[in-house]
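Working through the structure, step by step
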Amino acid sequence: MHRITGKSGGDSLIEMSPTESFNDDVNGYHQHASSSTGSLQQGQSAIDKQQHSKDSVFFRDGMRRIDFVLSYVDDKDGERKQERRKVYEANLEKVGLELETEDKSESDDGKTYFVKIHAPWEVLATYADVLKIKVPFKANDIPDNSEMPMNWLSTPFRLPAEIMHPEPDYFTAPFNKSKSDFFLIDNKDTFFPPSTRNRIVYYILSRCSYFRDECGDKDKKGIKRLLNNGTYTAAFPLHDCRYWKRSRDANCESDRYNLYKNWARFFYFFKEQPLNLIRKYYGEKIGIYFAWLGFYTEMLFFAAIVGTICFVHGFLTYDDNEWSKEICSEEIGGNIVMCPLCDKKCGYWKLNSTCNSSWQSHLFDNVGTVFFAIFMGIWVTLFLEFWKRRQARLEYEWDLVDFEEEQQQLQLRPEYETKCTNRKLNRITQEMEPYLPITSKCARMCLSGATVLFWISLIIACIIGVIAYRLAVYAAFASIMKDSPTTNLQVVGPYITPQLATSVTASCINFVIIMVLNLMYERVAVWITDMEIPKTHLEYENKLTVKMFLFQFVNYYSSCFYVAFFKGKFVGYPGKYTYMFGEWSKLRNEECDPGGCLIELTTQLVIVMTGKQVWGNIQEALVPWLMNWWGSRKARNHPESLYSRWEQDHDLQGFGQLGLFYEYLEMVIQFGFITLFVASFPLAPLLALINNIIEVRVDAWKLTTQFRRPVAAKAHSIGAWEEILSGIAVLSVVTNAFIVAFTSDMIPRLVYMYAYQPNGEMNMKGYINNSLSVFNISEILLDNRPEEGENPSWFNSSITTCRYRDYRNPPDHEKRYFHTMQFWHILAAKLAFIIIMEHVVFSVKFFVAWMIPDVPSDVRARVKRERYLVQEYLHDYEVEKLKVQLSHNGNNDCTCTPMIYPSLPQHEVLSECL
């Protein structure tokens, strides 16, 4: 019988009697001996550890598996913490867990205690029923017809079958403790895999109290609070072996070794991922992340090919670039005198000085760019739709079809239960449950929103500071580099211009600011999310996801948005320039090169995107390795001591509850770079592809070798990230249409060729002269004129006009310096292009999304087959049970409850199970 502790509707766990056994005629079970005592007493003879393997994942009896490990050290506040541990461990034993403690004298540092936890069958069965964990009841009899034509081509990329499919395929149903003989239970010790066992144990640990019944302090509950207050230093499940060597114990699966050998090594970058083995070892939540990352990388391959083709097209049409030839020629570009680009410190300059940048711009600013922008709008849709199909297949294969967020993710967080002292009646369960008053919730939400707005405003202020730096420093660079020795360098000298120097240094400063603000904001985001006290795990993750992404979106993309949509758009003209903070600031708005601002956007994108990826991979790989190397130095210095499995894992880094969150965030930010601004840099998908090939193996390596084993968790999708990706996909169509229309010079060139070419020919001859307006030098204001000595030696008083980039009437026109009709024609063409491109791409997107079903037809058939079989087999099972009961009773009247409507024992479990 179960003894229930706590009041009705409370938070108590199911209390087990230590002598309780699980009666089952079909699957008998001999319970192990009672748990070992708590900590070893002083003077007690030490266990000879050399009798045990270094990779032992069992208690000293060699039979009971270690499902979880807690560690602690004695310190100044030892008495209070010792009392907490004593009560907590006693409560764990009350709910049926078995404990065994390793004395500090047995640890490599001589001061750490380790409490090993084992969950016996009775506990596992009870909580598998509570958590509705799916287990096999029949082998899958649906033939697999997924053979692809010409499958032999993929042989070099395949892994061995035993690695790809470590477990047979079964039909599954939620576990029911009262019907245990319905399921395929061959061995109760191995029926639940280690990932499921540690998930169940963690469920208990996070809800077990460390207060005595007479104290009545319900706030003192859960392993998280004990870790935060230092009562325990770590809590983790064990890896099953060392990653570079199989376990000597035949009962140990050595899945960690298989993962390292076939997945976590970089030279296997061309191989498929063993997703089923990842799911078996780490759980579905981590498995679905690597499935998504692998699928995203595969889809990037196609985008990278098309982007490379567009780049090659720009390279091959290099010599057909008529406007660059005009800029570079002495007859045209050498005779065009341009107006100063800044006040006082910038002199007049000749157009042919921008020859190199105009050639560079053509690599990215050509007809292929328009095609690639449209292609990427369709690619994003295909990626999202095919991922939904892949996700649906994984849901079926990993028994997540009927997995409801209400069953797992919509469980109350222990922090919510402890911090919300108010209670109200749940209309569905008719039980009292904790709740947060609406006034408190509103106050917390307002404070949270104000904090997020403050940090976003801080980012915008930093970006404005970088823009001010660009405006202030450009004049200095122009003055310094006029007679700079860099101009004499044969190879790179012509490329080092004031514009390039300003753009590169500003991008680097912006990148440093981004990294610093990231480190600061991450802690703030977690703090304000904790302050809001989200009710459920799903709500917590979604709130944190939105906060972090909003911040990262502004942080990473704001500088690119400035270059793409603001730089060079609000400049004014000579004699009436526009200033950033007014004329008093002397910070004149930046102008674009005659070749356009697209090359600067490309520079900004390459520096921020590449810098983030390189820094991220170094940080992910190097920091955990260095910390582990330093943490295990004592064990390396004492090779004669036994470095046990729990000590090895204790010296590794903790993966953390938000470890996977940052991996998603990194990839989604990258996804934004390759979609939002891809029209300016067709090679972005190629860089992302190379990074992701490395990223998959780096993530696999660090998870397998540098981190403790995470607690297994279920997830049937990538969660809120899917909605964010969809939002980015829609926004990317708009941003790329605006980049092609307003940032590149594609539309002005086409308008000139079709409407303003003086000879009526379909070519670009004369475009440069047509795109530059004329201004009378004598009308330039004194504050805007170059200082003495700033003008080049070739400039003299015979030069009376200068040119600037705009479409305005000349000085001798009756409406001088007003926009010409060509300006309005170009503006109308730009707006028409945006509307047409958006409608075409969105129409194709919605048509593709409608054409591709989210769930493959064969998966839908398998799901229906499994549901049918569950009902059929359960019906047959109940009928057989009823026949057995009737045969036992003979001719006597049957007074028992028929098993078709079994009377299930009503356990009081955690109030969070809604």
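One can find the structure itself at the top, above this paragraph.
Predicted model, so just to flag it, every value in this text is computed and none were measured. (Residues numbered from 1 in each chain as written. Predicted model: local features only at pLDDT ≥ 70, side-chain atom pairs only at ≥ 80, totals over all residues. Heavy atoms only, no water.)

Another point: the state of the cysteines. Evaluated as defined, the whole model comprises three disulfides. Residue C339 pairs covalently with C802 via a disulfide, S to S 1.9 Å. The sign of the S-S torsion, about 85 degrees, decides the handedness of the disulfide formed by C339 and C802: right-handed. Linking C339 in the loop between β9 (337–338) and β10 (349–350) with C802 in strand β16 (residues 801–805), this pair joins segments that are 463 residues apart in sequence. The burial state of C339 is the same as that of C802; both residues are buried. Covalent S-S linkage joins C342 and C346, the inter-sulfur distance amounting to 1.7 Å. The sign of the S-S torsion, about 95 degrees, decides the handedness of the disulfide formed by C342 and C346: right-handed. A relative accessible area of 4% places C346 in the buried class. C252 carries a free sulfur, and the closest cysteine sulfur to it, the one in C241, is 6.5 Å from it. The class for C252 is buried, based on a relative accessible area of 7%. (Disulfide = S-S within 2.5 Å. Helix = DSSP H or I, 4+ residues; strand = E, 2+ residues; numbered from the N terminus. Buried < 20%, exposed > 50% of the residue type's maximum accessible area, 1.4 Å probe, protein only.)

Right, let's get into the environment of C355. Within the secondary structure, C355 sits in helix α10 (residues 355–364). For the pair C355 and I327, spaced 28 residues apart in the sequence, the C-alpha separation amounts to 5.9 Å.

Right, let's get into helix α24 (residues 821–851). Taking 1.5 Å per residue as the helical rise, α24 with its 31 residues ought to reach 45 Å, and the 45 Å between its terminal C-alpha atoms agrees with that figure. Taken together, the buried positions of α24 are Q822, I826, K830, F833, I834, M837, E838, V841, F842, K845 and V848. Buried residues belonging to α24 abut α11 (367–397), α21 (720–743), α22 (746–756) and α23 (767–771). (Expected span 1.5 Å × (residues − 1). Contact = heavy atoms within 4.5 Å.)

The next subject is the pairing of strand β4 (residues 98–102). Note on strand geometry: in a regular strand, side chains alternate between the two faces of the sheet. Within β4, five of the five residues are buried, leaving the element largely enclosed by the surrounding structure. Neither face of β4 is exposed, since E98, E100 and E102 on one face and L99 and T101 on the opposite face are all buried. Bridging between β4 and strand β5 (residues 112–118) involves five bridges; their strand directions are antiparallel. What sits directly across from T101, in β5, is V115. (Pairing = 2+ DSSP bridges.)

What follows is about a nonpolar patch on the surface. A grouping of F157, F266, F267, F269, F270, I690 and I694 is seen on the molecular surface, where their side chains present a nonpolar patch of about 700 Å² in accessible area. Looking at where I690 falls in the secondary structure, it is placed in helix α20 (residues 684–706). (Patch = residues over 30% accessible without salt bridge, like charges linked within 9 Å, V, L, I, M, F, W, Y side chains within 5 Å. Areas by Shrake-Rupley, 256 points an atom, 1.4 Å probe, with all protein chains shown as cover. Salt bridge = Lys/Arg side-chain N within 4 Å of Asp/Glu carboxyl O.)

Before going further, it helps to spend a moment on the side chain of R645. Looking at the element boundaries, R645 is found in helix α18 (residues 645–650). For R645, a relative accessible area of 0% corresponds to the buried category. A polar side-chain atom of R645 sits 3.4 Å from the main-chain carbonyl oxygen of C241. Looking at R645, its side chain comes within polar contact range of the side chain of Q648, at 3.3 Å. (Polar contact = N/O pair within 3.5 Å; in protein donor to acceptor, adjacent residues only side chain to side chain.)

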